[in-house]
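Structure assessment
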Amino acid sequence: NLSKRLEKVASFVPKGAIVADIGSDHAYLPCYLVHNGISPKAIAGEVVKGPYQSAVKKVREEGLEHLITVRLADGLEAIEDGDQVDAITIAGMGGPLIVSILEKNPDKLNSVTRLILQPNTHAKVIREWALEHQWRILDEAIVEEDQKIYEIIVLERGPMELSEAEILMGKKLIQEKSEVFLKKWTHEVKHWKQVLKSLEKAEQTPEIEEKRRQILHQIALVEEV
Ligand code: SAM
């Protein structure tokens, strides 16, 4: 059984899509996609040996070796010519790491029409990357699992426009204002206010002043929403 978080990620994979799951760890997601007839085949990529071996083991246990290829590779290097990958999933890492993986081998995205990204932190940098690279947000979700809150961003090719608040919090998520969304941002604002308090006690340098200004600006954006 898949976690609620990965189940949500899986729900955004179009039926019939060949998927590359980068940073697959136990290959739970590709196994689920293939078992449930969502993907005819899949690639599981892992850069660390331990998780790579867990993925190989899991795929073998499930009897899916003929449909899921597990590769020990850094990021998108797990995708090879001829794989005909339609969609890429990258889940369970920080936003900046996800962006660095996407930026490192842009050619590997050529055949790809959908990116399903689940940053554990800093979803904002993913929206900024998407804006810069002509991807648009097709859908977004926010889920809570084990007291942690996760955002999922689904991208397809095309232009989009986002306001500063929408880059920070997600346009659809702002419109929905789900309970989990409100919880996340209430918590963030509380945290920023604590940081501000500690900055008041610090020596007043131009850097600290700039940091204070940035935090106040973010708080204003969130409180407006
Ligand atoms: N995707 C799974 C999930 O969401 O449950 C596993 C998440 S796990 C916390 C992150 C995995 O990403 C680790 O197994 C790590 O080895 C892998 N990873 C980190 N950087 C990577 C990279 N550049 N290329 C491939 N895998 C990477």
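Residues numbered from 1 in each chain as written. Predicted model: local features only at pLDDT ≥ 70, side-chain atom pairs only at ≥ 80, totals over all residues. Heavy atoms only, no water.

In this section: the sheet that holds strand β1 (residues 19–22). Pairing is mixed across the open sheet formed by 7 strands, whose spatial order is β3-β2-β1-β4-β5-β7-β6. On the outer flanks of this sheet lie β3 (68–72) and β6 (135–145), each paired with one strand and no other. Averaged over all neighbouring strand pairs, the angle between strand axes comes to 15 degrees, with direction disregarded. As paired strands, β6 and strand β7 (residues 148–157) are joined by 10 bridges and run antiparallel to one another. (Pairing = 2+ DSSP bridges. Helix = DSSP H or I, 4+ residues; strand = E, 2+ residues; numbered from the N terminus. Axes fitted to C-alpha atoms, helices over the stretch in contact; angles between N-to-C directions.)

Attention shifts here to the side chain of Lys-184. Mapped onto the fold, Lys-184 is located in helix α8 (residues 179–201). Contacts of Lys-184, omitting those with residues within four sequence positions, involve Ile-142, Ile-149 and Glu-151. (Contact = heavy atoms within 4.5 Å.)

We now examine the packing of α8 against helix α9 (residues 206–224). Taken N-terminus to C-terminus, the directions of α8 and α9 make an angle of 155 degrees; their axes are 10 Å apart at the nearest point. Our classification of the angle between α8 and α9 gives roughly antiparallel. Once α8 is placed against α9, the crossing between them reads as left-handed. Seen from α8, the contacting residues are Trp-185, Val-189, Trp-192, Lys-193, Val-195, Leu-196 and Leu-199; seen from α9, they are Ile-208, Lys-211, Arg-212, Ile-215, Leu-216, Gln-218, Ile-219, Val-222 and Glu-223. The residue makeup of the contact of α8 with α9, split by class, is 11 nonpolar, 1 polar and 4 charged. (Parallel < 35°, antiparallel > 145°, perpendicular 65-115°, else oblique. Left-handed = near helix turned anticlockwise from the far one by under 90°. Nonpolar A, V, L, I, M, F, W, Y, C, P; charged D, E, K, R; others polar.)

Another point: the domain arrangement of the protein. Examined at the domain level, the protein breaks down into domain 1 (4–161) and domain 2 (183–224). With centres defined by C-alpha atoms, the gap from domain 1 to domain 2 works out at 33 Å. (Domains from an automatic or database assignment.)

Within the structure shown, the criterion is met by 17 salt bridges. The salt bridge involving Arg-127 is made with Glu-140; its shortest N-O contact spans 2.7 Å. One end of the pair, Arg-127, is in helix α5 (residues 123–132); the other, Glu-140, is in strand β6, with 13 residues separating them in the sequence. Side by side, Arg-127 and Glu-140 carry an identical accessibility label, which is buried. Ionic pairing is found between Arg-212 and Glu-209, a salt bridge with its closest N-O pair at 3.5 Å. Of this pair, Arg-212 and Glu-209 both sit in helix α9, 3 residues apart, which is roughly one turn of the helix. With relative accessibility at 25%, the residue Arg-212 sits in the partly exposed group. (Salt bridge = Lys/Arg side-chain N within 4 Å of Asp/Glu carboxyl O. Buried < 20%, exposed > 50% of the residue type's maximum accessible area, 1.4 Å probe, protein only.)

Side chains of nonpolar character tend, in soluble globular proteins, to be buried together. Residues Ile-88, Ile-90, Leu-115, Trp-129 and Leu-155 are the most contacted members of the largest nonpolar core, which totals 31 residues. Sequence-distant contacts of Ile-88, defined by excluding residues within four places in its chain, comprise Ala-20, Ile-22, Leu-76, Ile-79, Leu-109, Val-112, Arg-114, Leu-115 and Ile-116. Counting residues in each nonpolar core, the second largest holds 18 residues, with Ala-165, Phe-181, Trp-192 and Ile-215 among its members. (Core = buried A, V, L, I, M, F, W, Y, C linked by side-chain atoms within 4.5 Å.)

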